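Structural overview
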Amino acid sequence: MTGAGPTRKITMKLSTDRGAELFGTDEVRSLFATGLPGYESYPFSELVLAARDRLANTPAHSVGILARELRRAGLAIHHARDTGQHAGEDAAQLVTFTRTGCDWWASTVDHDGPALVQAHLIDLCEHLLFAGSTSERDDGYAALRGLATRLGSHNGFASRWTLRIDDGA
């Protein structure tokens, strides 16, 4: 057996922790916990999964949408790190696409999910892309590629942003 197995596990743990570091703010944890009493002390990754799975078709559906997209962002970061992908020079175009894509998405639904995604995913990733270190840029770019792939039917999507990950949703 080669050393690839343990390294892969370590990489997954690091990217999972990275997702929690980036997106697990007190405000986001509070949004999730409000709809999931008793889950307040759960690790962020478990809180995200519970919110994604349990808040669909409830009054807190918008928060479930945010959870789905944050989970996808964490998986996108893991995938990009695992395959050695880095931020492209088109970061500003990717931010613009995800913002306009979320605006379009918001016009097609009757909940606040897209607004929560803009506030808690796109805004943070934009900051990382333009003010962060190289690894922060890479993480922000990967997370936005995950969202862009979901919004791929919207006008302006560039096929180079396609990120094939299984998010279970």
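One can find the structure itself at the top, above this paragraph.
Here's what I pulled together on the structure shown here. Please read all numbers here as calculations on a predicted model, not as lab measurements.

Basis of the calculations
- Residues numbered from 1 in each chain as written.
- Predicted model: local features only at pLDDT ≥ 70, side-chain atom pairs only at ≥ 80, totals over all residues.
- Heavy atoms only, no water.
- Axes fitted to C-alpha atoms, helices over the stretch in contact; angles between N-to-C directions.
- Helix = DSSP H or I, 4+ residues; strand = E, 2+ residues; numbered from the N terminus.
- Left-handed = near helix turned anticlockwise from the far one by under 90°.
- Contact = heavy atoms within 4.5 Å.
- Nonpolar A, V, L, I, M, F, W, Y, C, P; charged D, E, K, R; others polar.
- Phe/Tyr/Trp six-rings, centres within 6.5 Å; stacked < 30°, edge-to-face > 60°.
- Buried < 20%, exposed > 50% of the residue type's maximum accessible area, 1.4 Å probe, protein only.
- Parallel < 35°, antiparallel > 145°, perpendicular 65-115°, else oblique.
- Expected span 1.5 Å × (residues − 1).
- Bend = angle between axes of the 7 residues up to and from the residue.

One way to put it is that helix α5 (residues 91-107) packs onto helix α7 (residues 134-150) with a least axis distance of 10 Å and a crossing angle of 40°. The element α5 and its partner α7 pack so that their crossing is left-handed. Along the contact surface, α5 presents Ala91, Leu94, Val95, Phe97, Thr98 and Cys102, while α7 presents Arg137, Tyr141, Leu144, Arg145, Leu147 and Ala148. Of the residues that constitute the contact of α5 with α7, the class distribution is 9 nonpolar, 1 polar and 2 charged.

A complete count under the given rule lists 5 aromatic pairs for this structure. Taking 6.1 Å as the distance between ring centres and 70° as the angle between the ring planes, the aromatic pair formed by Phe157 and Trp161 counts as edge-to-face. Taking the relative accessible area as the measure of exposure, Phe157 reaches 24% and is therefore partly exposed. The exposure class assigned to Trp161 is buried, which follows from its relative accessible area of 0%. Three or more aromatic residues link up through ring pairs in this structure, and these residues are Phe97, Phe157 and Trp161.

This paragraph deals with the packing of helix α2 (residues 26-35) against helix α4 (residues 61-82). Packed helix pairs are specified by the crossing angle of their axes together with the interaxial distance, meaning the distance between the axes. The N-to-C vectors of α2 and α4 enclose an angle of 125°; their axes lie 10 Å apart at closest approach. Overall, the two elements α2 and α4 adopt an arrangement that is oblique. You can see that α2 and α4 cross each other, and the crossing is left-handed. Where α2 approaches α4, its residues Val28, Leu31 and Phe32 are matched on the opposing element by Val63, Leu66, Ala67 and Leu70. Of the residues contributing to the contact of α2 with α4, the split by class is 7 nonpolar, no polar and no charged.

Three or four residues apart is the spacing at which side chains of an α-helix point the same way, because the helix has 3.6 residues per turn. With 19 residues, helix α6 (residues 113-131) should reach 27 Å at 1.5 Å per residue; the first-to-last C-alpha distance of 26 Å fits that figure. Roughly 30° is the biggest bend found in α6, and it falls at Ala119. Along α6, the residues classified as buried are Gly113, Pro114, Leu116, Val117, Gln118, His120, Leu121, Ile122, Cys125, Leu128 and Leu129.

That's the geometry; what it means functionally is another story.
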